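# Descriptive structure summary
Chain by chain, the residues run as shown.
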Amino acid sequence: MPRILVVEAGKPDSRGLLDAVAGIGQAVVAEARSGREALQYAARSRPDLALVNVELAGDMNGIELAQHLRIMYDVPVVLVTERSSPVRLEQIASVAPYNCVLKPCTDYEIHLAIHVALQRRRLEHEQIQQQCAKAAVQERERLAAELHDNVCQLLGFVKLQAFSARELLAGGDTAGADMLLQRIIDSAQQTQAEIRQEIRDLYVRVAAKDLAAALQACARGFEIDGTNAKLSVVLTPAVEQVTLDPQTSLQLTRIVQEALANVRKHAQAQHVTMHFDIVDGNLTGLIEDDGCGFDEQSMEWIARGHFGLQIMRERARSIDGQLNVVSSPGHGTRISIVVPLDKEAPAG
Ligand SMILES: Nc1ncnc2c1ncn2[C@@H]1O[C@H](COP(=O)(O)OP(=O)(O)OP(=O)(O)O)[C@@H](O)[C@H]1O
Ligand SMILES: [Mg+2]
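Here goes a summary of the coordinates provided. (Residues numbered from 1 in each chain as written. Chains lettered and ligands numbered in written order. Predicted model: local features only at pLDDT ≥ 70, side-chain atom pairs only at ≥ 80, totals over all residues. Heavy atoms only, no water.)

Within the protein, the atoms that donate to the magnesium ion (ligand 2) are Glu-258 (OE) and Asn-262 (OD1), at distances of 2.1 Å. With Glu-258 and Asn-262 both in helix H9 (residues 246-267) and four residues apart, this pair spans about one turn of that helix. A relative accessible area of 23% means that Glu-258 is categorised as partly exposed. Of the residues examined, Asn-262 reaches a relative accessible area of 16% and is grouped as buried. (Donors = N, O, S within 2.8 Å, 3.2 Å for Na, K, Ca; no water. Helix = DSSP H or I, 4+ residues; strand = E, 2+ residues; numbered from the N terminus. Buried < 20%, exposed > 50% of the residue type's maximum accessible area, 1.4 Å probe, protein only.)

Moving on: the site of ligand 1. Near ligand 1 there are 15 residues, and of these Glu-258, Asn-262, His-266, His-306 and Leu-309 occur at the shortest range. Measuring from an oxygen atom of ligand 1, one finds a side-chain N or O atom of Lys-265 at 3.1 Å. Between ligand 1 and Gly-308, the relevant distance is 3.1 Å, taken from an oxygen atom to a main-chain nitrogen or oxygen of the residue. Of all elements in the fold, only H9 and helix H11 (308-318) reach the threshold of two or more residues within the shell around ligand 1. Per element, the largest residue contribution to the shell around ligand 1 is five residues, and it comes from H9. (Near = heavy atom within 4 Å. Polar contact = N/O pair within 3.5 Å; in protein donor to acceptor, adjacent residues only side chain to side chain.)

Our next topic: the sheet that holds strand E5 (residues 99-103). Across the sheet, which stays open at both edges, the five strands sit in the order E2-E1-E3-E4-E5 with parallel pairing between neighbours. The open sheet terminates on both sides in strands that have one partner only, identified here as strand E2 (28-32) and E5. Neighbour to neighbour, the strand axes of the sheet diverge by 20° on average, direction disregarded. Examined bridge by bridge, strand E3 (residues 49-53) and strand E4 (residues 77-82) share four bridges and lie parallel to one another. Counted as the bridge partner of Asn-53 is Val-80 from E4. (Pairing = 2+ DSSP bridges. Axes fitted to C-alpha atoms, helices over the stretch in contact; angles between N-to-C directions.)

Encoded structure:
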């Protein structure tokens, strides 16, 4: 049975939404008299739907409440408003309600709006499940291809080189055999590095949409790589709750991965800090280490075929972000990124 939360201020002499919803049957109905009360209920009981009167008493109106319910608890909302209400249609539409009802109206109209919203929600869930199933199949195919390209090719190469080394040894050519063995070692090392990167990427892909989880996965990746540097991660509650479009989330996590990989490979740092916050509608991130630093003005890395920093900048640009690198020899490295959040995806 669906759980429906009805939120209205309640005028003593009028017949309220609660009475209308009570007649719907086959539903568990709860009531809240203010935005705060509704949020407390949503935190505890996660209703399947909220029927919210736009005109609420207290410091939160129905529009603000609908937004909080959607972003914080992923609760779909049906908004109810008076025909004569001063609230503009654009304000109502801006919180993407699942349906709207204009009062005065009949109980039947309220029931219909609720049924349509619940049905829409069910269809969305089905679609998400189908997409997840499809993504799982694609991921399996990709992993199979990856295993083929990395592991099978390495083993094939090792087998051939080992046969040749044995023949060389049988003929007394130990120097030739040694050279082949070195090739085997080099290839095994390279494949090991590629597979480790693949495992790190998998962690991040799993969490792609949830930025906080993806950032924590990057931090875990840094730690399992075995470095002496101590990493402190600070993600503010706003970052914990934000839902980004997958592309933004993915590019951000790739930037963080590369920044942390650089710390691991080059910085010889004692401490690294990763700090993410949301300020004035912008996501801000900072990765700072107290390591050896480098001359950030130098372009020689690119000439030498090192592209990590350059790709970080391009990734930031692709999501309309700004990346700043501040470093000098002996003074650590500070990488900051600012990304506007106006492309924020609807939750769910
Ligand atoms: N946090 C850091 N501390 C010290 N030096 C750094 C740091 N980050 C980058 N560097 C220096 O800047 C250079 C360029 O970094 P970049 O990420 O572009 O290339 P890379 O890490 O050497 O190679 P790759 O192309 O695999 O990323 C590095 O070679 C290193 O000397
Ligand atoms: Mg690099």
